[in-house]
Amino acid sequence: MTNMNILTMMETFAVVVEAGSFTKAAQQLHLSKSFVSKQITSLESELGARLIYRTTRTLSLSDEGKRFYQHCKSIMAEANNAKMEVIES
């Protein structure tokens, strides 16, 4: 997996967590629900850990998912800060 793919998957994962559902995340990202689901499944496979427990009505984070989400948020914030720094200079 390339660094670009992992960053995209991390962003998708963070949006799924924040949206609380694959459907809402897909809408926010302008992607299909199945593509978002496949990205999360690929991310979990790459990491060798279950991040999200899925039922038909709810999503819940595993302990690994909670820790990974915090890293995702930090990385996404830093990327945004870098972008804004360049734009504003």
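Since we're looking at a predicted model, the values are computed, not measured. (Residues numbered from 1 in each chain as written. Predicted model: local features only at pLDDT ≥ 70, side-chain atom pairs only at ≥ 80, totals over all residues. Heavy atoms only, no water.)

## Things to note about the overall build of the protein
Here comes step 1: A count of helices and strands for the protein gives four helices and two strands.
Here comes step 2: Reading the protein from its N end, one meets helices and strands in the order α-α-α-β-β-α.
Here comes step 3: By the compact-globule yardstick of 12 Å for 89 residues, the protein fits well, its C-alpha radius of gyration being 13 Å.
Here comes step 4: Along the first, second and third principal axes, the C-alpha set of the protein runs to 45 × 25 × 20 Å.
Here comes step 5: In the protein, which comprises 89 residues, the proportion classed as buried is 28%.
Here comes step 6: Contacts in the protein between residues far apart in sequence, at least 24 positions, make up 47% of those at least 6 positions apart.
Here comes step 7: For the protein, the exposed area adds up to about 6,100 Å²; of that, 52% sits on carbon and sulfur atoms.
Here comes step 8: Here the protein holds 10 positive side-chain charges and 9 negative ones, and the gap between their average locations is 13 Å. (Helix = DSSP H or I, 4+ residues; strand = E, 2+ residues; numbered from the N terminus. Rg over C-alpha atoms; globule rule 2.2 N^0.38 Å. Buried < 20%, exposed > 50% of the residue type's maximum accessible area, 1.4 Å probe, protein only. Contact = heavy atoms within 4.5 Å. Areas by Shrake-Rupley, 256 points an atom, 1.4 Å probe, with all protein chains shown as cover. Lys, Arg positive; Asp, Glu negative; His and termini not counted. Charge placed at Lys NZ, Arg CZ, Asp CG, Glu CD.)

## So, the nonpolar core
Here comes step 1: Residues F13, V16, L43, I52 and F68 are the most contacted members of the largest nonpolar core, which totals 19 residues.
Here comes step 2: Counting residues per element, the ones that place at least two in this core are α1 (3-19), α2 (22-29), α3 (33-47) and α4 (63-88). (Core = buried A, V, L, I, M, F, W, Y, C linked by side-chain atoms within 4.5 Å.)

## Topic: the pattern of salt bridges
Here comes step 1: Counting across every chain of the model gives two salt bridges.
Here comes step 2: Put simply, E18 and K73 hold a salt bridge, and the shortest N to O gap is 2.7 Å. You can see E18 sitting in helix α1 and its partner K73 sitting in helix α4, a full 55 residues away along the chain.
Here comes step 3: Given the relative accessible area of 44%, E18 is considered partly exposed. (Salt bridge = Lys/Arg side-chain N within 4 Å of Asp/Glu carboxyl O.)

## A closer look at α3
Here comes step 1: For α3, spanning 15 residues, the distance from its first C-alpha to its last is 21 Å, which sits close to the expected 21 Å at 1.5 Å a residue.
Here comes step 2: Every buried residue of α3 is accounted for by V36, Q39, I40, L43 and E44. All buried residues of α3 fall inside an arc of 135° around its axis, so they share one side. Exposed positions of α3 whose direction lies more than 90 degrees from the buried face are K38 and S45.
Here comes step 3: Backbone geometry just after α3 places G48 at a positive phi near 70°. (Expected span 1.5 Å × (residues − 1). Arc of directions from axis to C-beta.)

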